[in-house]
Amino acid sequence: MFRRLREPWTDRQAAWRLGAVSCLVLLVILLMVVFVAVKAWPTLSNNGGVGWLGPGEDVDKQMSAMLTTSRHPDSSVYHLDAWPLVYGTILTTIVAVGFGLVFSVLAAIFIVEFAPEWLRRLVVPAVRLLAAIPSVVYGLVGILVLVPFVNEHLISAERRKEVEYVVQLTGTGVLVACLVLTVMVTPIMIAIVVDALRSIPTAWTEGATALGANRWEAMWTVSVRAARPAIVAAAVLAGARAVGEAVMISMVSGSRGFSPNLMDGLTYLFEPFRTVAASMIEQVDGLNAPAISSSVYAMALLLLFSSLVLSIGGYVAKLPMRRQGMRV
Amino acid sequence: MSTIPRSVPPAPAVGGALLAGGPQRPYRPAPRRDSVSSWRWRHRAAYGACWAAGLSLCLIAVAILGYMAVEGVQYLSLEMLVTRPEPSLDQAQTGGILDPILGTLILTVMAILIATPLGAVAAIWIVEYGRPRWLARTIESGIEVVAGTPDIVLAIFGLAIFQLPLFAPLSFTADGGGVFGRSFFAASAMLSLIAIPMVFSATREGLLQVPAHVREASWALGKTRICTIRSVLLPVVRRHIATGSTLGMGRIVGDTAIVVVLLGGSLQITPVGDVPVLDVLKGSGSTLTTYVYNASPAGEGNAPQKAYAAAFVLLVLVLLLNAVATSIGKRSSPLEAHS
């Protein structure tokens, strides 16, 4: 068999063989969906499909009860009310992408239009650097620098006392997590928006300049407007990254299955929470318990589904620009 | 028949050209005689906001890098790099980071050895053959889906796969027949999935840049397609493949979730079995990322000084890989050199 591979390949053979290797990717995706769905089935069927996403009892207590069950637990053990986790995920994603979007559009305009050449040579590597830093390093900076700072300087003693019977405020929580996550997702957005702004035909902005627009007007009313699909796509793709971020969130979120309550006023910013992805990575040691394992796979299915939806969303959002022949 | 000059080639699957380290079009020079001082105040405010955003990006990057460098150099010692880690509650007793460094190296090499051929072959097939079209399109979007999948999901999926009895030889098997499913094999197989999209899109970029007449000249000399790929196209796209896999290595080195789930969580490299090299690969261990994760206050170890030192080594490694990728991307291609 190996001798046949070593002979010069005909084109037909080559197409067939290379194609077969390429199809492995599809196989992996197929297996991924099937395996995760099968493993998640007990949780899904015992909670009536998506019932486990709703609010209810304390999710942390439910999870720790799952840990102590036998190898074949009865169906009541699978009961899960994961709303706090879903809420935490949605909250961090929307906040990080929202703030990141404003920031990254401004930064992209700066890189493409306003930065002097020497400064551009600093900013572009800075964006690359921020994109390359591993999430665990972001988490480390968050937990060793930002969390103590917030704990010592921003949380007053009265505020701590006010909520001490519900949650302990230790500095980990919404504020730090959203801040670090924003820094993490911004480089991706900047890269996509910069690509889009630079793919705008020069004639368009030159036309605006000829009509008397200054550089900002030409940028804002022509380039940014034409690049709107890419900006939406950038937000969506950054959202996909934010939804799946597990390690950093698990380090700085305080790791409690708690829904921060907007009625608490400013205290909201310091309340601990946890996201779906962070819960998955923290339950790694409990995977031998069948109920935990099934819950974790159900969360994986949820993340898989949402990242799939967001990928498709990003692709669809860019279609209008692609139709005009721009390369984004 | 040629599949090359298509309407609009799609953008790279991962990030943009800015992050992919490829060659960039020159920026448009600023028009003359448009001074900011004559603008309306709203435009000036926006101009200021752009400057603020750009400068704060630099500041954040410099702050993180500088802080990690100061803390890292302070706690890092040569001795730490060559001693093995020990589990201990006292920070002074926790030893060094030799095993995490070795773990990172083993995993990166294995994962990139899996990812590079797969990603490159997929790109070559899609650009040079790509028939039937629907299949090529599906594979292209499939790779984008893999690129967008959170690493924790890939990790959990890998655990489901490698706990199958079929893959028992690749990891530790308990007495009862339960497969542990966590080993260097399992972790590197899943880590390769996060590098494949980067190799793929870099290779595809390179192939799409090769003008059609280069291929046609080769075909006119009577070479088959596969022979053209081997002797004409591969030498051209070699540096793109190198860029892609170096960037992929950067991602692999920095990934935590997959390693936490699939490498067994033992601090030291723990061989399984008694075959010389295989036993290490079948066993569990740690990498720099999981070491940092566990040594941070969020983990069990709580040895922040060691975490800083390990994170500094990790950061240096990742930045080195990215710098290499950028410098490979800047080198001129053999085609440009001759024309």
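Just so we're clear, the structure is a prediction, and the values are computed from it rather than from any experiment.

Our focus in this paragraph is the overall build of chain B. Assigned secondary structure in chain B consists of 14 helices and 0 strands. Listed by position from the N terminus, the elements making up chain B come as α-α-α-α-α-α-α-α-α-α-α-α-α-α. Residues counted as buried form 51% of the 339 residues belonging to chain B. Nonlocal contacts in chain B, meaning residues at least 24 apart in sequence, comprise 72% of its contacts between residues at least 6 apart.

Attention shifts here to the overall build of chain A. Check the secondary structure of chain A and you find 14 helices and 0 strands. Taken from the N to the C terminus, the helices and strands of chain A come in the order α-α-α-α-α-α-α-α-α-α-α-α-α-α. Overall, the C-alpha framework of chain A stretches about 70 × 70 × 35 Å when taken along its three principal axes. Within chain A, residue pairs in contact and separated by at least 24 positions form 80% of the contacts whose partners lie at least 6 positions apart.

In this section: the environment of B:Leu19. Along the polypeptide, B:Leu19 turns up in helix α1 (residues 17–20). Once you skip the residues sitting within four places of it in the chain, B:Leu19 turns out to touch A:Arg128, A:Ala131 and A:Ala191.

Contact residues are listed per partner, giving 87 residues for chain A and 79 residues for chain B. Take the side of chain A that touches chain B: its biggest share by element is 18 residues, from helix α2 (residues 11–46) of chain A. Split by residue class, the side of chain A that touches chain B holds 64 nonpolar, 13 polar and 10 charged.

Residue and element names in this part refer to chain A. In terms of nonpolar packing, the biggest core is built from 217 residues, with Val193 and Ala300 touching the most fellow members. Examining the composition of this core, we find that 19 residues originate from one element, helix α8 (residues 174–199), more than from any other. When sequence neighbours within four positions are dropped, the list of residues in contact with Val193 reads Ser104, Val105, Ala108, Ala227, Ala230, Ile231 and Ala234.

Calculation notes
Residues numbered from 1 in each chain as written. Chains lettered and ligands numbered in written order. Predicted model: local features only at pLDDT ≥ 70, side-chain atom pairs only at ≥ 80, totals over all residues. Helix = DSSP H or I, 4+ residues; strand = E, 2+ residues; numbered from the N terminus. Buried ≥ 20, exposed ≤ 12 C-beta atoms within 10 Å, placed from the backbone. Contact = placed C-beta atoms within 7 Å. Nonpolar A, V, L, I, M, F, W, Y, C, P; charged D, E, K, R; others polar. Core = buried A, V, L, I, M, F, W, Y, C linked by C-beta atoms within 7 Å.

In short, geometric facts, not functional conclusions.
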